[in-house]
Structures are given as C-alpha cells and as structure tokens.
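The lines below spell out each chain.
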Amino acid sequence: MSPLRQRDGLAALVVKWFLLISLLAGLSLAHPDAKYPPWKIVTSGSRSRVPRSPLASFKNLVDEGMDATSTSSAAPTATSTPLECFQVSQPVLTHQGLEFRDAVHAQAVVPIPAGGDANAVTVLLLEHSFANSYGHPFVGEGNYTPPEYDFDHVVINFTVQVKGRQYDRTGVLYLGDTEVWRTSTAEPTSYGIRWVWLKDMTPFLSLWKQPQTLIFDLESIVDDTYTGILNTTLTATFFKGPVTATGNGRAPADLIIPISEGTGSTGEPSQFTYPEQNAISTVGFPQNANRAVFTVDVKGQGDEEFWWSNVPQSAVDAFKGDYGTLPGYSPFREVQVLIDDQLAGVVWPFPVIYTGGVVPQLHRPIVGIEAFDISEHEIDITPWLPLLCDGEDHTFAIQVVGLEDDGVSSATLSSTTDSSWYITGKIFVWLDDEGSVTTGTFSNSYASDPTIVFSQKITQNSTGGNETLDYALAVTRTLSFSSFMKTQHGEGIATWTQSLSYSNNGGVYASGYDNINTFAIAGDDAATGAGLDISYSTSYSYPLYCSSSASYSAEGNLTLKADLDQGLELEVRGASVFPSGLEAFAAAMGPDAPELQGSKLRTTRNGTAAYQRAADNSFSTGSGRTHQIFSFEGLTDDEEGETSATRLYYRDVSASNDTVTDNHVELLGEVIT
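Bear in mind the structure is a predicted one, so any value in this text is a computation, not a measurement.

About the thresholds
Residues numbered from 1 in each chain as written. Predicted model: local features only at pLDDT ≥ 70, side-chain atom pairs only at ≥ 80, totals over all residues. Heavy atoms only, no water. Helix = DSSP H or I, 4+ residues; strand = E, 2+ residues; numbered from the N terminus. Buried < 20%, exposed > 50% of the residue type's maximum accessible area, 1.4 Å probe, protein only. Contact = heavy atoms within 4.5 Å. Areas by Shrake-Rupley, 256 points an atom, 1.4 Å probe, with all protein chains shown as cover. Salt bridge = Lys/Arg side-chain N within 4 Å of Asp/Glu carboxyl O. Core = buried A, V, L, I, M, F, W, Y, C linked by side-chain atoms within 4.5 Å. Phe/Tyr/Trp six-rings, centres within 6.5 Å; stacked < 30°, edge-to-face > 60°. Patch = residues over 30% accessible without salt bridge, like charges linked within 9 Å, V, L, I, M, F, W, Y side chains within 5 Å. Lys, Arg positive; Asp, Glu negative; His and termini not counted. Charge placed at Lys NZ, Arg CZ, Asp CG, Glu CD. Pairing = 2+ DSSP bridges. pLDDT = per-residue confidence, 0-100.

> Hey, could you run me through the overall build of the protein chain in this one?
Looking only at helices and strands, one finds 5 helices and 38 strands in the protein chain. Out of the 673 residues belonging to the protein chain, those deemed buried represent 58%. For the protein chain, the proportion of contacts with a sequence separation of at least 24, taken over those separated by at least 6, is 75%. As presented, the protein chain carries roughly 25,300 Å² of accessible surface, and 49% of it is formed by carbon and sulfur atoms.

If you want it as structure tokens, here you go:
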C-alpha cells in the first residue's frame, strides 16, 4: 500500500471512529444514571455455573426466584400456542422464491419472476430432542449422502420448540471436521416458545456435493430445575437458483480445508477450547490455488462470554472483599490468524449477546443481533499463496488475546485470556486446473503492534474500601500484506489490508455490583488483485451501550434493571465468501433489476428490562421492552463515482412483555401486511 493510500485510509477510519464515539456519547447521555455490570459464568464440570461477575449474579438471582409465584405481565392469557421468537433479518432466496425468516407472517414466500424450482429436493437431516446432551452430539444415521440432483444452492431450515426452564445453549453444525454453522437457542417460557431459522449454505457447496458425517452439537441439561427439552428439526433443500450461486460473479470455493480438532470421523465435535488447547492445524496446501480466504468461528464462554464488559487485568481484585474477583484481560479482544507463526490477519469480534444476556426479558420474542446466526469474519490470505503453494506442509493457528495493564496509563497485548473460547477455522480455496502451480513472491508485510491508549482510576469510600472503578480504552491497528502472483489464468499483485479502531469507556460501581460500558468497534478490510479476478471490501461498525443495576430494599426485596442499546452496520462489495443477501433481491426484481455493486445492512436494537423478587421468595415479576429497526440496501455506483442506495428490505418492530406491539415491514418499496 502506498503511503498516500494508507494515510487516506487512516483518515477515513478516524472520521468513522469519531462519528461512532459521538453516537455512543449520545446513547450514554440518554441513560445518565445507569450502571451496568459485566457478567460471566464459569462452568464447573457440566452441571453447575458459578457467577464471577455482576451480570452472572443477575441471572443466578433470577434463577433463585424460580419457585416464586410469578406475577409477571409477560405471560400471555393463551397458553396453548407457543410464543414465536425471531431474529430480525432480510429474507433469503429459497427454491420457492423470496422467503421471510423473521416471523413476519409465518415464513411467507414472495414468488420470483423466474419461478421456483419444482424439482428441488428437501432432505430431513435430523429430528432430535436434546436433553442431557453434554458429550452426546447428534450424529446422522448412515451419515449424509448428496441427493441425485444437479443442485447449485442449499438452504437449511432449523425449527425448534421448547417449554419449561432452560439456559440459552450453543448449537454447532459440522460436516465432517468442518464447522458450517454456529447458532444459539432462545430461553423458553413455561408455556413454550418456537423459532425457525433459514440459512443459505451455498458457500459450502463442495461439501454438500460429497458424502459427509453430519454432526450437530447442542449441549444441554435437563433435570428437576432445568426442564426445557429442545425439540429440533433440521432440513436442507437442494435446488437450482435463478442467479449465480453467490450472486457476486464468483462460484463457491472448490475446496474447504478445516482448521479444527479433526475428530469428525469419530462422531465428535471438532472445535478447539482455548486457551486450554492450542488452536492449530498442519495443512498440506494445494499448489494450484488461485485464491484463498480464511474464516473464523469463535464464541466466548465462562469468563469470556461477555468479554466486552471485562475489567482491566490490574483491577480484577478491586472489589474482592465486597463482591469477589471479576473477569479480566480488559474489555478488548483480538482474534489472530497466524500462518507459519506469522500474523496474517485479525478479527475484532462482534459482541453477540445471547438470550439469557443481562436480563432475559430483553430478548423475548425479539432475540439479539446474530443470536440465531453467528457470523464469520473473512480474512483473505491470497497474498500468502506464493509461500503456501510450495508443496510443503504449513501451520495455521488461531489465538485470542486481550490486554495487560499497569493500573494507571499503559496497556499491551496479553498472551492469553480467561477461560474459554470455542474456536474453529476454515480455508475456502479456489483452484486452477490440476497440475497447475501458483508461483510468485511474498513482497510486503506490515503488521506492527496496535496503538493503545489506556487510563484507569479507582476511588475509595470513607472506610477505605474500593467503591468505584472508571477506565477508558482506545485501540487502533493497521495491517497490510501483498505479493506478486502468477496463476494459470493471470498474474498480478494480491493485497489484503485492514484498518480497525476500538473504544470502551467503562466503569464498575457500588463496590462491584453495578457497571457501565460504552463500546465501539469500526473497521475497513479490502482484498485486491488486478489481473487475478479478486476484488472484495467491507466496512463495519459495532456500537454498544449497556447498563444495569441491582438493589435491595430495607425489607430485602430485590430489584434488577438493565438497558441495552446495540447496533450493527455492515457494507460489503465484491466477491465475498458468504452471500451478501443481494441474491434474493436480484431474483425478486428479475431481468430488469439494476446492477448492484454492494450491500449495506444497518440495524439498531434498544431494550429496557426489569425484574423484582420479594425477600421471602413469595413472588417475582419481570418485564421488558425492545425496539429494533433494520434496513438492507443495495448500492449502485455511477460513472462519476457517486453511490446511491436502494432500499430492498426494512423493518421497524417493537415488543413488550412477550408481545409484538408494532410491526412495520417494507419489501422493495411496498408495505407488507
């Protein structure tokens, strides 16, 4: 990258960062008195959860009231029909047309001009009830065999019903050693809930074309306390689509290389548990590769489930006398991808908040952003192909780091984190003809340490005990890699660049029981390759504000309150590994559709919840309100370089106490009723 381009990119990132901080400051001013604690749960064996932070305490305090008589207004009058839960998202292209997946009207379908695929094949992959399933994943009987049909699209349908009491759980779908989807479950009610999620699995087409060991790992517990059994059905529909398989002009990858434990052949999940395990694989790389993209699946558990609210490492024992030890290594996390021990790219994770997060009433029936579909971040490693295509084995590693600090004004990257992260990776590879060998020179690598600005202050009460902790943290980082490459069909310079910024102004109050976080991540990634048919870019921002408080009256009555504001903005252009979402709308608009060069997804989600319980446990009540606005646009560039946006899908939905109270939906400019 030239110094001028690098400077311009950094300037743009600074502007974006400033705007994000301004937005978050506005959110903070909207909740001036709120205090919010980070919450963690440490797993001890498979049956107990021990709170390590205030938010974990929130959940356990709610659980302590499980036998109380509920006076919550959340329970509807009709108890025979399960509550429909949903994640707000744009429709997906199926064999029938444009299909809603967020409970607009019970999976309604909008036909497309080209018509559906009447010859589509739907296969039942699993029908299974997950109860005491720790260490007992579902493994398909006879395994998966591709249907006898020349399909080029695959969409799965995951349907779940559960009632009773249950934590939110994590589900992971594997084809052999390769993780292809990571999800989480909604927390049920006594009268039951239901949800459906549709996912386009076409990026994994090369795996679906071959026999596979299908494994679905959904760890849960059922006993006298946690009674909810997860009744699940998973189908896959194989069909020929009216548009190219990814909608961006490039077919799905020819080969997918798992970076995992490699235990699929034994019917076991193949994820690493970090930092207890080293997440590393040794791979013999194909010499005829012309493009390669590394993607990462990560999920924090235990003390890392709410990493974005962890405290600086120097302050983990600041409230030990009153509250206990808090999770540490700061509220910053960086996922690093290393090739032969050299940094090749990073992921600053999106802070997914699951349906038990903070206060459960925040997430019913509208679950959190990405709760049902945890996204993967793409790192283009094409510049490394001149090294990888040498016919030798190479190592690929994933590690997660936080920060160490001096307690005053200095912080550096840590070498580890608290426990635990569940990690897998994979490499999507596009191939030239067999016998071709990619050559070239790895010419440039810029991967300096991040710039970190840190400050911290602890105040004491009149007796000398620590009472408040305030900290401010800002991190920026720029990475750049390039190489000259020669493949079967062209030659040129391949590049991968990343520019990222992070901020978190946080505090812990009331001797450890209250906490606040005003958080933001912004980034720009780009892959280029003139003469190599490579063009991909994405920009993203993740603002978050979260606050909560816990208090006891003189009589011992408990009150929990929480506010949660979160956003996601994601712009994608070019040849992404995963569908941008434009494919469905290109099919819906037909042959007269405008040429769209990119997509922009924008959503904001705001919630408030409260929980009260009597001191004698005679009753408890909870309430929650959530409002989410979601917009999905197609981007068009004119000859002057100006960009215009076409709104393709829009939803403004509100819910209160388990009931949708307002729902406005637009599809291609028309209101959907």
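> What exactly am I supposed to notice about the pattern of salt bridges here?
Here the idea is simple: oppositely charged side chains can pair when their charged atoms come close. Scanning the model with the defined rule gives 16 salt bridges in all. Between Lys600 and Glu569 there is a salt bridge, with the nearest N and O atoms lying 3.9 Å from each other. Taken together, the positions of Lys600 in strand E34 (residues 598-613) and Glu569 in strand E33 (residues 558-574) put the pair 31 residues apart, joining distant regions of the chain. Ionic contacts of the salt-bridge type, sharing partners, join the residues Glu569, Glu571, Arg573, Lys600 and Asp637 into one network.

> What exactly am I supposed to notice about the nonpolar core here?
The nonpolar side chains of a soluble globular protein tend to be buried with one another. One finds Phe285, Phe294, Ile381, Phe396, Ile423 and Ile427 to be the most contacted residues of the largest nonpolar core, which totals 107 residues. In this view, Phe285 contacts Ile257, Ala292, Leu385, Leu388, Cys389, Glu392, Phe396, Ile427 and Val429; residues no more than four positions away in its chain are not counted.

> I tried to follow the environment of Leu234 on my own but got confused; where do I start?
Here Leu234 is to be found in strand E15 (residues 230-239). For Leu234, a relative accessible area of 0% translates into the label buried. When the C-alpha positions of Leu234 and Leu198 are compared, they lie 9.9 Å apart, and in sequence the two are 36 residues distant. With sequence-adjacent residues up to four places away left out, Leu234 is seen in contact with Val123, Leu124, Leu125, Leu126, Ile156, Asn157, Phe158 and Leu173.

> Honestly, the packing of aromatic side chains in this entry has me stumped. Any pointers?
For any pair of aromatic rings, the description rests on two quantities: the centre-to-centre distance and the angle between the ring planes. Scanning all chains against the criterion turns up 28 aromatic pairs. Measuring from centroid to centroid gives 6.2 Å for Phe100 and Tyr649, while their planes differ by 45°, and the two rings are tilted. Here Phe100 is found in the loop between strand E6 (98-99) and strand E7 (109-110), whereas its partner Tyr649 is found in strand E36 (residues 643-656), with 549 residues between them in sequence. Overall, the relative accessible area of 2% leaves Phe100 in the buried class.

> Please explain a negative patch on the surface as it appears in this structure.
Together, Asp638, Glu639, Glu640 and Glu642 line one region of the surface with negative charge. With respect to the helices and strands, the residue Glu639 is situated in the loop between strand E35 (619-637) and E36. Judged by relative accessible area, which is 80%, Glu639 ranks as exposed.

> I'm lost on helix H5 (residues 582-589) in this one. Help?
The α-helix advances 3.6 residues per turn, and as a result positions three or four apart in sequence lie on the same side. Counted residue by residue, H5 has 6 buried out of 8 residues, so it is predominantly covered. Of the positions making up H5, those classed as buried are Leu582, Glu583, Ala584, Phe585, Ala587 and Ala588. Of the surrounding elements, those touching the buried residues of H5 are strand E5 (92-93), E6, E34, E35, E36 and strand E37 (659-667). Once H5 finishes, Gly590 follows within two positions and takes phi at roughly 80°, a positive value.

> I'm lost on the environment of Leu362 in this one. Help?
Along the chain, Leu362 falls in the loop between strand E21 (342-347) and strand E22 (377-380). Expressed as a C-alpha distance, the spacing of Leu362 and Gly624, which sit 262 residues apart in the sequence, is 5.5 Å. Residue contacts for Leu362: discarding those within four places in its chain leaves Gly357, Ala562, Leu564, Arg605, Gly607, Thr608, Ala609 and Thr626.

> Just checking my understanding: could you explain the sheet that holds strand E4 (residues 83-84) for this structure?
Think of a sheet as strands paired side by side through backbone hydrogen bonds, with each pair either parallel or antiparallel. The sheet built from 5 strands is open, its strands ordered E4-E13-E10-E15-E8 with mixed pairing. Two strands lie at the open edges of the sheet, namely E4 and strand E8 (121-130), each paired on one side alone. Where strand E10 (residues 153-162) meets strand E13 (residues 193-200), 8 bridges bridge the pair, whose relative direction is antiparallel. From the neighbouring strand, Ile156 faces E13, where its bridge partner is Lys199.

> Honestly, the sheet that holds E7 in this entry has me stumped. Any pointers?
Pairing is antiparallel in the open sheet, where 3 strands are placed in the order E5-E6-E7. Two strands in the sheet have a free side with no partner beyond their single neighbour: E5 and E7. Bridging between E5 and E6 involves 2 bridges; their strand directions are antiparallel. When the sheet's bridge partners are listed, Leu93 is paired in E6 with Leu98.

> Explanation requested: the confidence of the model for the protein chain in the structure shown.
Where the model shows low pLDDT, its predicted coordinates should not be examined in detail. Scored by pLDDT, the protein chain has a mean of 87; 86% of the residues are at 70 or more. When the criterion is pLDDT under 50, residues 1-51 qualifies, and its contacts beyond four places in sequence or with other chains add up to 129 contacts. Under a pLDDT of 50 for its full length, residues 67-75 has, in the predicted model, 22 contacts with residues more than four places off or in other chains.

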